[in-house]
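Listed below are the residues making up each chain.
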Amino acid sequence: MPEHVSILQLVGVATLAVAAVIWVAVLVRVLRRDGEAHRARFMDLARRRGGRLRGLPHQRRKGPHVEHVELTPAEQDAFAFLARQFSDDRMA
């Protein structure tokens, strides 16, 4: 027994170790106990539902409506100027 470790610390570590072993043993037993029954029930529910996931929303067949605005020639020129200006800034 190390001299710098108190008896309470040793008892505490031993108690935690025993509790961890008991907890793991109980957890393994609970998980194995009804595994087959739960697995069969889950498979039966999955077959009845047809394999669909009810928690997900229905998917749309096509994307959202695309908005389009016609620009005047002056607006097109201004946009082209801004695009050239931004691309020139990126090159520098």
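The structure displayed is predicted, hence computed values, not measured ones.

Rules of the game
- Residues numbered from 1 in each chain as written.
- Predicted model: local features only at pLDDT ≥ 70, side-chain atom pairs only at ≥ 80, totals over all residues.
- Heavy atoms only, no water.
- Helix = DSSP H or I, 4+ residues; strand = E, 2+ residues; numbered from the N terminus.
- Areas by Shrake-Rupley, 256 points an atom, 1.4 Å probe, with all protein chains shown as cover.
- pLDDT = per-residue confidence, 0-100.
- Patch = residues over 30% accessible without salt bridge, like charges linked within 9 Å, V, L, I, M, F, W, Y side chains within 5 Å.
- Salt bridge = Lys/Arg side-chain N within 4 Å of Asp/Glu carboxyl O.
- Buried < 20%, exposed > 50% of the residue type's maximum accessible area, 1.4 Å probe, protein only.

## A word on the overall build of the protein chain
Working step 1: Counting its regular elements, the protein chain contains three helices and zero strands.
Working step 2: Ordering the α and β elements of the protein chain from the N terminus gives α-α-α.
Working step 3: For the protein chain, the exposed area adds up to about 9700 Å²; of that, 63% sits on carbon and sulfur atoms.

## So, the confidence of the model for the protein chain
Note that predicted coordinates carrying low pLDDT should not be read in detail.
Working step 1: Summarising the model, the protein chain shows a mean pLDDT of 82, and 86% of its residues fall at 70 or more.
Working step 2: When pLDDT is averaged over each element of the protein chain, helix α1 (residues 7-33) comes out on top at 92 and helix α2 (residues 35-49) at the bottom at 72.

## A word on a nonpolar patch on the surface
Working step 1: A cluster of nonpolar residues, Trp23, Val24, Leu27, Val28 and Leu31, forms a patch on the protein surface that exposes about 500 Å² of accessible area.
Working step 2: Relative to the helices and strands, Val28 is located in helix α1.
Working step 3: A residue is classified by how much of its surface remains accessible, and Val28, at 38% relative accessible area, is partly exposed.

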